[in-house]
Each structure stands twice: as structure tokens, then as C-alpha cells.
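Breakdown of the fold
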Amino acid sequence: MQENKNRYIRTDLALELKDDLSKKQEMSGMEFSTGVYDDSDIVETVIRVTNERGARNLGKPIGTYITLESEKLRKSDEGIHEPFVEILQKHLKEMIQDAKCVLVLGLGNRAVTPDALGPYVVDNLYVTRHLFREGVLKHGREICALCPGVMAQTGIETLQILKAVCMETKPDIVIAVDALAAREPSRLNSTIQICDTGIAPGAGVGNDRKRINEDTLGIKVIAIGVPTVISVSAIVHQNVEELPETLASMFVTPNNIDEAVKRVSYTISEAINRLCTE
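Scope of this entry: the structure provided in the associated data block. (Residues numbered from 1 in each chain as written. Predicted model: local features only at pLDDT ≥ 70, side-chain atom pairs only at ≥ 80, totals over all residues. Heavy atoms only, no water.)

This brings us to the packing of helix 5 (residues 81-96) against helix 13 (residues 257-277). One way to put it is that helix 5 packs onto helix 13 with a least axis distance of 8 Å and a crossing angle of 50°. Relative to helix 13, helix 5 is oriented oblique. The interaxial crossing formed by helix 5 with helix 13 has right-handed handedness. Side by side, helix 5 and helix 13 meet where His81, Glu82, Phe84, Val85, Leu88, Gln89, Leu92, Lys93 and Ile96 of the first sit next to Tyr266, Thr267, Ile268, Glu270, Ala271, Ile272, Arg274 and Leu275 of the second. In terms of residue class, the contact of helix 5 with helix 13 is made up of 10 nonpolar, three polar and four charged. (Axes fitted to C-alpha atoms, helices over the stretch in contact; angles between N-to-C directions. Helix = DSSP H or I, 4+ residues; strand = E, 2+ residues; numbered from the N terminus. Parallel < 35°, antiparallel > 145°, perpendicular 65-115°, else oblique. Left-handed = near helix turned anticlockwise from the far one by under 90°. Contact = heavy atoms within 4.5 Å. Nonpolar A, V, L, I, M, F, W, Y, C, P; charged D, E, K, R; others polar.)

Here we come to the pairing of strand 3 (residues 63-69). By the criterion of burial, strand 3 is predominantly enclosed, with seven of the seven residues buried. Neither face of strand 3 is left uncovered, since the one carrying Gly63, Tyr65, Thr67 and Glu69 and the one carrying Thr64, Ile66 and Leu68 both have all their residues buried. Strand direction decides the pairing type here: strand 2 (residues 42-49) and strand 3, joined by seven bridges, are antiparallel. The residue of strand 3 that forms the bridge with Val46 is Ile66. Of the strand pairs in this sheet, strand 3 and strand 7 (residues 191-195) are connected by five bridges, and their pairing is antiparallel. Bridge pairing in strand 7 links Glu69 to Thr191. (Buried < 20%, exposed > 50% of the residue type's maximum accessible area, 1.4 Å probe, protein only. Pairing = 2+ DSSP bridges.)

Here is the structure:
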């Protein structure tokens, strides 16, 4: 029964999975580094999964995973916005390279605040694809956006919707933004993860949706995520065997989630806007 309940102790963060491996010393096939930006106290951890053995050990595909953390992000500290925007912009620029047309995918359910990060980011974007086609803009990157909703709303796999849109719009790259699950409460709304391996929508809360990545889409997919929920099992994992099954399967979120999601979504959208207008 305990093993059955432990399946709810989920995390989407490569950093938390790496921490588990550090204890077991199963770090082959991976490279990692950690540093602190002195002017902002933002902690940056870069994990590179370099081969299939590393992918098996970490439970993540081969690629690069960048985690940015600061307690200030979860608080109403306006001074942390600009440093996060600059660091996010820098890493996104390195990942998208010379891509000219960027499709931003706002994953999640707008009606459920902890899952509304993606749609909120899209709300704050400076969408320009149509302006390039009308001749209004001539410099910078084109940006278009899509909020496909969730399967419970549409009855359609997000990957199917995205394939159809990409066939018509032909973007060079996709940036998918989604809410994540964490295992440590301290990382809720204080952490941003960027990776170049795509994303599996809803995986953090146990939904089995098709992965959105370069293999399934034919276009490189960068994923940006923020942990907004944690399972009850993760919070009380020492005594998980004592939890009723209904409680073990629950996910919870901080009481200031409305404010936090709006704030961090604006930070992410600003990084994308600057990236595409530079």
C-alpha cells in the first residue's frame, strides 16, 4: 500500500530528481553546475543529461535543464523581476539561436489558477506575427501564441492541436509554458525551470498526455515551467503509509497562488517579449 501511495510523490523538476541521485551517487551520464548571481541572489543550477544512461538515471530525456531559484520570486519583491527577466532572456536566446518565428504555447486551464500560468503568459505577450505579414514590422522575431486548453475542455490531445497549427503557421521553434509540480514546498512559486527537451502536459499531477517535443512535433520545443502545486504525499512522505488513499492523491497550492501566478507569468512574458523584439 505504501508503494502505491508513493506514486503521488511527484516532481517535474530535474533539480529535485538530481538531488535524489546525489545521495545514491548515480551521476554518470550527467553534468551539473551551480552558481549564484551576486547582484540578485538568484541560484542557477544547470543539469546536462549527455547520454542514455544519464537519461535513465535521472528519468529525464537527454538535454539541458536550467533551474533558477529565489525566495524573492514568491514574494512581492519588485526588485527581483528585472534580474529574472534578464537571466531568462539570456538562456532563451542561447536555446532558440537564430529562430525567426516563435510559437508560444500557453498550456493549462485558465479556469484553475494553479494551472493558469501558460494562459497568463500568453495574455502578456506582444504578438507580432501578423504585423510582420502586414509589413508593419520588419525587424526582430515573429511571435505567435496559442492557448489550447486541456483535454477535459476540448476532448483533443494538445499535441494534435499543436501539429495542426504548426502545419499552417510553420514556426521555427515552440516555447511551451506550463505549471509544474514540486516535491519541496520551498520551491513553489520561487523556481523557474527551462529545458530544451519539450514537455508532457499534466504529467506532474499524474495525467498521461502525449509528449510535446522535437520527436513528436518535428520542431524544437523549449519548455518553461514554474512549480505551483505539491502533493499531500510529498509533504508528509515520512508517514505516507498512514494516509487515506483519497488524501494521498490530493495536490495543494499556496494560499496566495492568484497573486504569485500573475506575478511570475508577467516575468516570463517579459523575457519572451524582449527576446523577440531585440
